[in-house]
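Residue-level listing of the chains:
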Amino acid sequence: MADFRPERAEEARRRLGASLAEQREANRRWQAMVRSPRSRGALARYRSVLGPPESTAPRTIGDLECEALLWPLPLWPDLRFEVLAAPDGAVWNEWLVRAPGVLRAPEDLLPWSATVDEVARAFAPVRPMEGTAPTRWRLAFAAQGRPCVAEFTYGLLQRVSVDGTELDSGRPGA
C-alpha cells in the first residue's frame, strides 16, 4: 500500500506504534516465510501470523465451494481481511471486505463509503432503478421503516436520500 500512498502507510505505522526497523523486520520475516522452500501453505501462514479467524463460513461462488475466513484489522475496524480457501486448503483469493453488520442505517452510508453490492446485501431486499447515465445506478430500499434511494457512480456510493431528503455527512436535512 506504500507504493500508492506512502504518507498513509507511514501514518499507519505510527498509529500501530511500530518503528521503521520493526516494520522492516516484520516484512523480512513475512518474505522469508513466503519464499522458504519448506514454506507452509498460504492458509497456514495466515493462521500463524493472524491467529484464529474471527469467523469462518462456507461460500459458493458459481459452482465452486470454498470457505471464507475473516480476520479483524486494528487499522480498519470497519473492514476484515478475507481469505477464500478451497476444500484442500489452497487459497483462491485474499482481500479486504466490509465487516459484517457495519452498514445498519441510512446514516452509515456516507459518500464513497460503500459499493452497490454492499448496500444491496446490507439492506436487502433492494429494487434496482434506472440511473441518470450509463455509469450510474440507483437502489431503492427500506431502512428502519423509511424509504431510501442510494445513488452510485461506477459502483461507488455518491449520495443517499431518505423520505426524499438527501443525507449530508450522515445527517438528514443538513
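This report concerns the structure included in the present document.

Conventions and cut-offs
- Residues numbered from 1 in each chain as written.
- Predicted model: local features only at pLDDT ≥ 70, side-chain atom pairs only at ≥ 80, totals over all residues.
- Heavy atoms only, no water.
- Helix = DSSP H or I, 4+ residues; strand = E, 2+ residues; numbered from the N terminus.
- Contact = heavy atoms within 4.5 Å.
- Phe/Tyr/Trp six-rings, centres within 6.5 Å; stacked < 30°, edge-to-face > 60°.
- Buried < 20%, exposed > 50% of the residue type's maximum accessible area, 1.4 Å probe, protein only.
- Pairing = 2+ DSSP bridges.

Of note, Pro-147 is situated in strand β7 (residues 146–153). Separated by 18 residues in the primary sequence, Pro-147 and Met-129 place their C-alpha atoms 14 Å from one another. Those residues within four positions of Pro-147 in sequence are excluded, and the remaining contacts are Phe-141, Ser-161, Val-162 and Asp-163.

Take the packing of aromatic side chains next. Geometry of an aromatic ring pair is reported as the spacing of the ring centres plus the angle between the planes. Enumeration over the complete set of coordinates arrives at four aromatic pairs. For the ring pair Trp-30 and Tyr-46, a centre distance of 5.8 Å and an interplane angle of 35 degrees mean the geometry is tilted. With Trp-30 in helix α2 (residues 20–35) and Tyr-46 in helix α3 (residues 42–50), this pair connects stretches of sequence that are 16 residues apart. Accessibility expressed as a relative area gives 24% for Trp-30, which makes it partly exposed. Judged by relative accessible area, which is 11%, Tyr-46 ranks as buried. In textbook terms, an aromatic cluster arises when at least three aromatic residues are bridged by ring pairs, as seen for Trp-30, Tyr-46, Trp-71 and Phe-81.

Looking now at the pairing of strand β4 (residues 91–98). Remark: a regular strand shows side chains that alternate across the two faces of the sheet. Here strand β3 (residues 79–85) runs beside β4; their pairing, made up of seven bridges, is antiparallel. Counterpart to Ala-85 in the pairing with β4 is Val-91. Between the antiparallel neighbours β3 and β4 lie five residues, among them Gly-89 with a positive phi of about 95 degrees.

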